[in-house]
Amino acid sequence: MKFRKIPHSVVERLGWYVYAYIDRSSGQIDYIGKGTGQRALAQLMRLRRHLVDVIAHGLRDEAEAYAVERSLIDVLGVPQLVNKVRGKGATHFGREGLEDLICRYSAKRIDIEEPSVLIRVNRLYRPRMSADEIYEVTRGVWKIGKRRDSLKYALAVYRGIVREVFRIDSWHPAGSTHYQFRRRDATWAGRWEFCGGVAEPLVRQRYVGGSVAHLFPDGARAPIKYTHS
């Protein structure tokens, strides 16, 4: 998804924020800034090779944004960080791609109409993963019962939002089919994986970018949930 303007509803949720311009080829942070509204997009016309990451948002005021901005600029001069955790509130307000933030805050609730399995890939998913990488972290490996045989689609869910939809063609014992990006280990024993491909365009259009957070109650730990199976 590409955005020329941050939707007004997302602007309200962002409040004061700190952002970075990321070089597409090297992944290097080239610029740190702060602002509100459309500020993060202000210089992208002349920095076309860059992506935008929102480092922190929901800040109280400009003074707090200044503090975060100057701290980050100082940190970028240090060759290596030793932080063990990201800090309080980082899961919700910490660094995240601008496109992912827009998706998360503007997503509409959807209901799944086909026999499907929702698979939360929070642990392995990374923003800007390739389609093949998303497929591999979604298709395996899972503790899943015989109900798997009635499923038509698998929906990759990250932070309550459907990121991709895959067609399920067949199920196999975990590790018995080829992976390009993952290595088998002992924890895969007794689990399952599917083979398939990206769902047809109409199905993707219906579900990708939609919110299924309501289908995972607070405190729910299981990574998978069946729908209409």
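Summarised in this report is the structure supplied together with it. (Residues numbered from 1 in each chain as written. Predicted model: local features only at pLDDT ≥ 70, side-chain atom pairs only at ≥ 80, totals over all residues. Heavy atoms only, no water.)

## Re the overall build of the protein
Item 1. Looking only at helices and strands, the protein features 6 helices and 9 strands.
Item 2. In terms of overall dimensions, the protein has a C-alpha envelope of 55 × 35 × 35 Å along the principal axes.
Item 3. Within the protein, the fraction of its 229 residues that count as buried is 43%.
Item 4. Of all intrachain contacts in the protein linking residues separated by at least 6 positions in sequence, the fraction that spans at least 24 positions is 70%.
Item 5. A total accessible area of about 13600 Å² is found for the protein, and carbon and sulfur atoms account for 51% of it.
Item 6. Separation of charge centres in the protein, based on 40 positive and 25 negative side chains, amounts to 2 Å. (Helix = DSSP H or I, 4+ residues; strand = E, 2+ residues; numbered from the N terminus. Buried < 20%, exposed > 50% of the residue type's maximum accessible area, 1.4 Å probe, protein only. Contact = heavy atoms within 4.5 Å. Areas by Shrake-Rupley, 256 points an atom, 1.4 Å probe, with all protein chains shown as cover. Lys, Arg positive; Asp, Glu negative; His and termini not counted. Charge placed at Lys NZ, Arg CZ, Asp CG, Glu CD.)

## Considerations on the environment of V165
Item 1. Mapped onto the secondary structure, V165 falls in strand β7 (residues 161-173).
Item 2. Each C-alpha atom of the pair V165 and I144 lies 18 Å from the other, and the pair is 21 residues apart in sequence.
Item 3. If sequence neighbours within four positions are ignored, V165 has contacts with Y153, A154, L155, G197, V198, A199, V203, Y207 and V208.

## As for the sheet that holds strand β2 (residues 29-35)
Item 1. Spatially, the 4 strands line up as an open sheet ordered β2-β1-β3-β4, and their pairing is antiparallel. Two strands close off the open sheet at either side, each with one partner strand: β2 and β4 (96-97).
Item 2. For strand β1 (residues 16-23) and β2, the ladder comprises 6 bridges, and the chain directions are antiparallel. In the sheet register, A20 faces β2, and the bridge partner there is I32. (Pairing = 2+ DSSP bridges.)

## Focus on the pairing of β7
Item 1. Alignment of strand β6 (residues 153-158) against β7, held across 6 bridges, turns out to be antiparallel. Bridge pairing in β7 places V157 opposite V162.
Item 2. Pairing between β7 and strand β8 (residues 192-198): 7 bridges, direction antiparallel. Counterpart to R167 in the pairing with β8 is G197.

On their own, these measurements won't tell you what the molecule is for.
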